[in-house]
Amino acid sequence: MLTFPKRTHWCGELRREHVGSEVVLNGWVHSIRRIGKITFILVRDRTGVTQVVISSKNPYYEVVETLTPETVVAVRGVVRARPPTQVNPELPTGEIEVELRELVILSRAKPLPIPIFDPELMKTTSETMRLKYRYLDLRRPEMLRNLLFRAELVRVLKNSLDSRGFVEVETPYLARSTPEGARDFLVPSRLFPGKFYALTQSPQLFKQLLMIAGFERYYQFARCFRDEDPRADRQPEFTQLDIEMSFVTREDVMRVVEDLMREAFSKTLKKELPDLLPRLTYSEALEKYGIDKPDIRFENYIEDGDENLRTVLKAEPNKAVRVLRFELRGKKPEEIKEFIEETLTREDGVRHYYVIRGTGSPVSNNEAVEQELMRSLDIGLGEVVVVSVGDYVKVSGALGALRNSLGKYLGLARKDDYAMLWITDFPLFELSVDGVLTSMHHPFTAPRPDDIPKLDKDPLNVIALSYDLVLNGYEVGGGSIRINNKELQEKIFRMLGLTTEEMYDRYGFLLEALEYGAPPHGGIAIGLDRLVAVMLGYESIREVMAFPKNKEMMDPMTGAPGKPPEEHLREIKWLKISI
Ligand code: ASP
């Protein structure tokens, strides 16, 4: 067995006060510099780097000559002060260096396939290469910082929850279908051929059952699995901080989450959130910001067009005409045009117009109405105005999403400026594309008690006791007060089109549990990946996950998803079906 000197100090730890002591460092050769007859190596570990000096008289000089970057070494030596001209104030360990006494090579490294310590070259390295060699990509200081930050955030959240009387409970990943509106990942059962487990889309039903069991306050950092089509920033598995509480109202849950978030931001980022987060109802959010996840770091409210504008655009009486305006803030009209063309979502039945007025002649996407738009909207120099006509929700949504993106693009919102808020009072139901009644959150969400009489006659106007947590234009959490009454739960299932047989087949255990003493309860799930990404200013959650899948939902490193051995397929009786 290889024995080697074990570290006495971390590479980021040594200071002037250590001068004279003998130390052992374990780590990677970060860089090698040879100046005349002296060689300098920087040895690196998770905490930083330390300079190790080897003169040509050193018995290890020859071995040192063979070192390559990223080789793993154990180094023993004596700490000495650097000569004043060689002090490096940029390095925490820049006042000292270690004179080599013993060097053990623990594992040699070949030249790396990706330039991890050259930030400029890394920018041109494909994501496939980064993910294929993720263990090298994770050596980059930026990735290390991201994952250390994530771990710290989790620690702060856990401590805070523990101190508030929450109990951490693990719930199954192999379950029966758990409804969050997405497709389940299915796991074939070998013992029950033809039957499948579903990987949990969320612990929703289990956490409700824990409330019925009497746990009162539960949390879990739960992995959730959803088999959805690839989209820019979607991952098939992600982590939620899942929370549930008993004997609470919506206010109580929101207060706890506010306290938790305030503590988390203050302890990790040293940023103070307000005691009470601002709130908007769903309809207020749509009216002012177009969407239910607004970036409120800048105003630029969406406004309704006046009669004159409606006439100019020949809007039918049942259509909305809405207007979004920004200042160019130094951007060229052509750049803005390109940005709008790329960002603005197109939907059937929605018409978009824009006019961008820089110093030259206006740039627009419709010359026929350009002058009339300029006049009726009084578009000034240095302004960009986007007008959309169509269904109110679609128009608002398109302009709202554009507003969030344009605000960032034009520099109205800084990455390290945080605006968190609640959106409340969502409708309980919405109509799917095929006109079918569906839950806006999930079927276990309670309606506002006053609205229960409306369930039969006017279901689309029933408001839910739900709430979303929004940070800088991203939804980072969502939850609700749940139904704790069997009759009401059955009624909601029925309204969603389930027969008695179907609802008992799928959710019989829940309906039964509701008859054995179910306290009023509610909770929330906070998307950890998204929260960390927004806190650190990233657009993509892949930057804050250790081993994410790529945009196609596969893993270039391990090759997942892969083909299992035939024998295994035979065992689960799969071969018959698929080959
Ligand atoms: N289960 C919900 C979700 O995953 C969150 C909740 O209602 O607590 O979105």
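Scroll up a little and you will see the structure.
This write-up is about the structure you can find in this document. Everything numeric here is computed off the predicted structure, so don't read it as measured data.

## Describing the layout of surface pockets
Any empty space left between the atoms is revealed when a probe the size of a water molecule rolls over them. Size it by volume and the second largest pocket reaches roughly 490 Å³. Every residue lining the second largest pocket is counted, 15 residues in all, and those nearest its centre are Phe-185, Leu-199, Pro-236, Lys-549 and Pro-561.

## Let's talk about the environment of Phe-339
With respect to the helices and strands, the residue Phe-339 is situated in helix 10 (residues 333–343). Since its relative accessible area comes to 15%, Phe-339 is described here as buried. Between the C-alpha atoms of Phe-339 and Val-24, which are 315 residues apart in sequence, the distance is 54 Å.

## Thoughts on the sheet that holds strand 4 (residues 72–81)
Strand order in this closed barrel of five strands is 1-2-3-5-4, and the pairing throughout is mixed. Strand after strand, the sheet turns through a mean of 55° between neighbouring axes, direction not considered.

## Structural notes on the site of the ligand
Close contacts around the ligand come from 13 residues, with Glu-180, Gln-204, Lys-207, His-442 and Arg-482 the closest. In this structure, an oxygen atom belonging to the ligand sits 3.4 Å away from a side-chain N or O atom of His-441. A total of 270 Å² of accessible area belongs to the ligand in isolation, and the protein chains cover 92% of it. Of all the elements in the fold, those that place two or more residues in the shell around the ligand are helix 6 (204–213), strand 22 (474–481) and strand 23 (521–527). Here the shell around the ligand is built from residues that sort into two nonpolar, seven polar and four charged.

## So, a negative patch on the surface
A surface patch of negative charge is lined by Glu-334, Glu-335, Glu-338 and Glu-342. Mapped onto the elements, Glu-338 comes out in helix 10. For Glu-338, a relative accessible area of 51% corresponds to the exposed category.

## Describing the environment of Leu-412
Examined against the element boundaries, Leu-412 turns out to sit in the loop between helix 12 (392–409) and strand 18 (420–424). As a C-alpha pair, Leu-412 and Arg-297 span 115 residues in sequence and 7.6 Å in three-dimensional space.

## Section: the pattern of salt bridges
The final tally for this structure, using the stated rule, is 51 salt bridges. A salt bridge links Glu-228 to Arg-234; the shortest N-O distance between them is 3.7 Å. Between Glu-515 and Lys-486 there is a salt bridge, and its shortest N-O distance comes to 3.6 Å. Highlighted residues: Glu-515 in the loop between helix 15 (500–513) and strand 23 and Lys-486 in helix 14 (residues 486–495), separated in sequence by 29 residues. By sharing partners, the salt bridges in this structure join Arg-130, Arg-134, Asp-137, Arg-140, Glu-142 and Glu-543 into a single network.

## What about helix 8 (residues 282–289)?
Buried within helix 8 are the following residues: Tyr-282, Ala-285, Leu-286 and Tyr-289. Summarising the axial view, the buried residues of helix 8 lie within an arc of 105°, below the 170-degree limit, and thus occupy one face. In the core, the buried residues of helix 8 are packed alongside strand 12 (279–281), strand 14 (320–327), helix 12 and strand 18. Just downstream of helix 8 lies Gly-290, where phi reads positive at about 85°.

## Describing the sheet that holds strand 17 (residues 383–390)
Strand order across the open sheet formed by five strands is 13-14-17-15-16, with antiparallel pairing between neighbours. The sheet is open, and its two edges are formed by strand 13 (303–304) and strand 16 (363–364), each paired on a single side. Across the sheet, helix 11 (residues 367–377) is in contact with strand 14, strand 15 (351–357), strand 16 and strand 17; its angle to strand 15 comes to roughly 70°.

## Points about the packing of aromatic side chains
Per the counting criterion, the structure on display carries twelve aromatic pairs. With a centroid separation of 6.2 Å and 70° between ring planes, the pair formed by Tyr-133 and Tyr-135 is classed as edge-to-face. Each residue in the set Phe-444, Phe-493 and Tyr-507 is aromatic and connected to the rest through ring pairs, giving one cluster. In this arrangement the basic side chain of Lys-6 is found over the ring face of Phe-4, its NZ or CZ atom lying 5.6 Å from the centre. For the cation-ring pair, Arg-33 lies above Phe-40, with the distance from its terminal atom to the ring centre recorded as 5.0 Å.

Cut-offs and rules
- Residue numbers restart at each chain and count upward from 1, following the sequence in its written direction.
- The predicted nature of this model means local features are confined to residues of pLDDT at least 70 and side-chain atom pairs, given and counted, to a pLDDT of 80 or more, with totals for whole chains, interfaces and linings taken over all residues.
- In computing side-chain properties, one takes all heavy atoms of the structure into account and sets aside hydrogens as well as water.
- For cavity detection a 1 Å grid was placed over the protein atoms alone, and a set of points counts as a cavity when a 1.4 Å probe fits there but cannot get out; an open set counts as a pocket when protein lies on both sides within 12 Å along at least five of seven lines, with lining residues being those that have an atom within 4 Å of a point.
- Grid points are joined across faces, edges and corners, and a volume is the space filled by probe spheres set on the points.
- Helical segments are the DSSP runs of H or I of at least four residues, strand segments are the runs of E of at least two, and each set is numbered from the N terminus.
- Relative accessibility thresholds used throughout: buried, under 20% of the residue-type maximum; exposed, over 50%; partly exposed, between the two (1.4 Å probe, protein chains only).
- In this scheme, strands are said to pair when DSSP sees at least two bridges between them.
- A fitted line through C-alpha atoms represents every axis, and for helices the fit uses only the stretch in contact; the resulting angles, taken between N-to-C directions, go from 0 to 180 degrees.
- A cutoff of 4 Å decides nearness: a residue is near a molecule or strand if any of its heavy atoms lies inside that distance of it.
- Nitrogen and oxygen atoms within 3.5 Å of one another constitute a polar contact, given that in protein one can donate a hydrogen and the other can accept it, and given that sequence-neighbouring residues count only through two side-chain atoms.
- Per-residue and other accessible areas were derived by the Shrake-Rupley procedure at a 1.4 Å probe size, with only the shown protein chains allowed to occlude residues.
- Here the term charged refers only to Asp, Glu, Lys and Arg, the term nonpolar to Ala, Val, Leu, Ile, Met, Phe, Trp, Tyr, Cys and Pro, and the term polar to all other amino acids, Gly among them.
- Only residues whose relative accessible area exceeds 30% and that form no salt bridge are eligible for patches; like-charged ones are grouped when within 9 Å, while nonpolar side chains (Val, Leu, Ile, Met, Phe, Trp, Tyr) are grouped when within 5 Å.
- Here a salt bridge means any side-chain nitrogen of Lys or Arg lying within 4 Å of a carboxyl oxygen belonging to Asp or Glu.
- Positive: Lys, Arg. Negative: Asp, Glu. His and the chain ends are not part of the count.
- Note that the charge is assigned to NZ on lysines, CZ on arginines, CG on aspartates and CD on glutamates.
- Taking the helix axis as origin, the arc is that swept by the directions to the C-beta atoms.
- Whether two residues are in contact is decided by their heavy atoms: any pair within 4.5 Å suffices.
- Each Phe, Tyr or Trp ring, with Trp reduced to its six-membered ring, pairs with another whose centre is within 6.5 Å; inter-plane angles below 30 degrees give stacked pairs, above 60 give edge-to-face pairs, and intermediate values give tilted ones.
- Comment: the charge-over-ring label is applied if NZ (Lys) or CZ (Arg) is within 6 Å of the ring centre and within 35 degrees of the ring normal.

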